[in-house]
Amino acid sequence: MEDFDPPGAENPFSGLPFLSDIVRALGSQGAQSARQVAMAVATEGVSEPNVDPVVRIEFESLARVAELHIAEHTGLPPSREGSLVVEPLTRAGWAARSLDALRPLLGVLAEPPSTKRADPDEESDGSTAWFSEVMATLAPLMAEMTAGTLVGRLAIRSLGSYDLPIPRDDDRILLVAPNIASFAEDWSLPTEEVRLWVCLHEVAHHAVLGVPHVRAAMNNLLASHAAGFRNDPSVLEERLGEFDPATGPEGLASLQQLLEPESVLSAVRSPEQLALLPRLEALVAVVIGFVDHTMDRIGDGLIASYPMVTEALRRRRVTTDPTDRFVERILGLDLTQDQVDRGARFVAGVVERAGPKALDRLWVDGTCLPTPNEVDAPGLWLARIHLDSDS
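Cut-offs used in this document
Residues numbered from 1 in each chain as written. Predicted model: local features only at pLDDT ≥ 70, side-chain atom pairs only at ≥ 80, totals over all residues. Heavy atoms only, no water. Helix = DSSP H or I, 4+ residues; strand = E, 2+ residues; numbered from the N terminus. Expected span 1.5 Å × (residues − 1). Buried < 20%, exposed > 50% of the residue type's maximum accessible area, 1.4 Å probe, protein only. 1 Å grid on protein atoms, 1.4 Å probe; cavity = no way out; pocket = protein on both sides within 12 Å on 5 of 7 lines; lining within 4 Å. Points joined across faces, edges and corners; volume = space filled by probe spheres on them. Nonpolar A, V, L, I, M, F, W, Y, C, P; charged D, E, K, R; others polar. Pairing = 2+ DSSP bridges. pLDDT = per-residue confidence, 0-100. Contact = heavy atoms within 4.5 Å.

1. Section: helix H4 (residues 91-102)
Right, so step 1: When the terminal C-alpha atoms of H4 are compared, their 16 Å separation across twelve residues agrees well with the 16 Å that a helix rising 1.5 Å per residue should span.
Right, so step 2: Taken together, the buried positions of H4 are Arg91, Ala92, Trp94, Ala95, Ala96, Ser98, Leu99 and Leu102.

2. Here we look at empty space enclosed by the protein
Right, so step 1: Considering all chains together, one arrives at four cavities of 30 Å³ or more under this definition.
Right, so step 2: Computed from the structure, the largest cavity encloses a volume of approximately 290 Å³.
Right, so step 3: The wall of the largest cavity is formed by 18 residues, among which Arg157, Asp163, Leu164, Arg316 and Arg317 lie closest to the centre.
Right, so step 4: Among the secondary structure elements, those contributing two or more residues to the lining of the largest cavity are helix H5 (126-157), helix H7 (191-209), helix H13 (306-318) and helix H14 (322-330).
Right, so step 5: Grouping the amino acids of the lining of the largest cavity by side-chain chemistry returns seven nonpolar, three polar and eight charged.
Right, so step 6: Surrounding the second largest cavity, Trp94, Leu102, Leu154, Ser158, Gly160, Ser161, Asp163, Leu164, Ile166 and Arg168 form its lining.
Right, so step 7: Taken together, the residues of the lining of the second largest cavity break down into five nonpolar, three polar and two charged.

3. Section: the pairing of strand E1 (residues 85-89)
Right, so step 1: For E1, the buried fraction is high: four of the five residues fall into the buried class.
Right, so step 2: Here E1 runs beside strand E2 (residues 172-176); their pairing, made up of five bridges, is parallel. When the sheet's bridge partners are listed, Leu89 is paired in E2 with Val176.

4. Here we look at the confidence of the model for the protein
Right, so step 1: Mean pLDDT for the protein: 79, with 70% of residues reaching 70 or above.
Right, so step 2: Note on residues 25-31: pLDDT under 50 across the span, and eleven contacts to partners over four residues away in sequence or across chains.
Right, so step 3: When the criterion is pLDDT under 50, residues 112-123 qualifies, and its contacts beyond four places in sequence or with other chains add up to seven contacts.

Given below as structure tokens:
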């Protein structure tokens, strides 16, 4: 590989883990694809055994049970066309398959900031100019590696397709079999009951997010959020101007912090994104609230340890480390306890005022989806769709 060292200067990549990983990827075999990166991150460098065929058969049976109960309690078809397919996969398999579904929402990462040529009459610092050229060269690779890393990180923690409420394009639900098994073991919970809980959770989300107007609304909001990023080169330029290689390790540590994905995200978030977040957060809250309500109606009579499994898995949902929380934020999702509670309050308010059947109106058409204000005041939603306590 050709060195990037500027004349008479030491390579400032030395000692920078984030940048060193990128530079190593520019070796003789060329840059790895996002898919390869995702699979490598997902496995954490450890070889994975294939999913046992017996486990596959058990998941298929449990998924059929989940389909029957979700259809009976919600009236929503679990699949859009034909039959629903539930696939238990390894972490690497889940990462590879999920990358294609999530790539459109990570497209902003493939669009590095445009660069402006320096005025030849202006004085320029040699090291800064050199570094800007390096960043322009590395930007496409950084985009690939960042996208792969984000999906790989999701695979380490996710249990299935709908840990994040993002619609999928087909009738396949992808489960991360080793993560489900590890969770059951870590919490000393019956493995089969955890598997059934996860199948209920995934099938319920698939049914709700498969409702045409819900799916369209969610996809439009997520796509608008992804398109709303603004890669402002002046922000990066300003930050790089603060970097001084002569300051030694302290300066290098500062540079690495500036270039971490979390730091870049905070620099490019746009007013357009902030304006649409209330609608996206409201819709996500309603979906989560409805799914949790549906599972609570079904689970106690179906899963002996349902309260224990539910408490453990719902606590897990909102206790996310900063790296995984960054993945949620870049997708426009932030599944905090406040958001989960908000959805639960909306559903409880509707049921208390008009009974559980009133929730069916959510799935009639797009005009029946609640506004952000209505999510916080379900009585307003019931009034708008002409339902009251006498309905």
